[in-house]
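The lines below spell out each chain.
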Amino acid sequence: MVLTKFVEVGRVVKINYGPQEGRLATIVEILNDKRVLIDGPTTGVQRQVIPIRRLTLTKFNLKGATRGARTGVITKAIKKSDPFAQYAQTLAAKKVAKKALRAKLNDFDRFRVMILRKRRSALLSTQLKTLKKSTGGKAQTQAKGGNKKK
């Protein structure tokens, strides 16, 4: 597998530790092998030096961001390409949003989720039984490995 996410100027990153955890920013300058300067003018992240280990690299790269670019240049580049909207469509962002939604549930909401999951499970099991009856029970033996002789 070839690496495609590099620490580079213009790379969109997600902060994974600290008071601004979960926010997106852009790498503006690489200071050394452990620290970078980031800026996130549209997400509320102040221009700051942060260790790379506190960042998660995304696959998005900001076009037009040059080394040491000022906040205004970064803002224009973000408005032009809108990588944060693209990030919101990724599987990782959807997973985080789902986790946040579940964390907000109260006791009654969790109960309703449990009931709905039970209904779905019962519906799937009845559909599976009708499928087995219509195929003569062959679906299960093929799923387990077919008619292998020992």
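In this text the structure is predicted, and so the values were computed from the model without any measurement.

Reading the values: rules and limits
- Residues numbered from 1 in each chain as written.
- Predicted model: local features only at pLDDT ≥ 70, side-chain atom pairs only at ≥ 80, totals over all residues.
- Heavy atoms only, no water.
- Pairing = 2+ DSSP bridges.
- Helix = DSSP H or I, 4+ residues; strand = E, 2+ residues; numbered from the N terminus.
- Axes fitted to C-alpha atoms, helices over the stretch in contact; angles between N-to-C directions.
- Salt bridge = Lys/Arg side-chain N within 4 Å of Asp/Glu carboxyl O.
- Buried < 20%, exposed > 50% of the residue type's maximum accessible area, 1.4 Å probe, protein only.
- UniProt positions renumbered as here; feature names shortened; annotations may be inferred.

## Quick look at the sheet that holds strand β4 (residues 45-51)
Thinking step 1. Spatial ordering of the open sheet is given by β4-β3-β2-β1-β5, a layout of five strands whose pairing is antiparallel. The sheet is open, and its two borders are formed by β4 and β5 (55-61), each paired with just one other strand. When the angles between neighbouring strand axes are averaged without regard to direction, this sheet yields 40 degrees.
Thinking step 2. Looking at chain direction, strand β1 (residues 11-15) and strand β2 (residues 24-30) are connected through three bridges and run antiparallel.

## Thoughts on the pattern of salt bridges
If charged atoms from side chains of opposite charge come close, those side chains can pair.
Thinking step 1. Within the structure shown, the criterion is met by five salt bridges.
Thinking step 2. Across the pair R67 and E29 runs a salt bridge whose closest N-O atoms are separated by 2.7 Å. In this pair, R67 sits in the loop between β5 and α1 (71-81) while E29 sits in strand β2, placing the two residues 38 residues apart along the sequence.
Thinking step 3. For R67, a relative accessible area of 66% translates into the label exposed.
Thinking step 4. Given the relative accessible area of 15%, E29 is considered buried.
Thinking step 5. Across the pair D109 and R112 runs a salt bridge, and its minimum N-O distance is 3.7 Å.

## What to know about the UniProt feature "domain: KOW" (unreviewed entry) in the chain
Thinking step 1. When the UniProt feature table is mapped onto this chain numbering, "domain: KOW" (unreviewed entry) sits at residues 6-33.
Thinking step 2. Taken end to end, residues 6-33 is 0% helix and 43% strand, and its first and last C-alpha atoms sit 12 Å apart.

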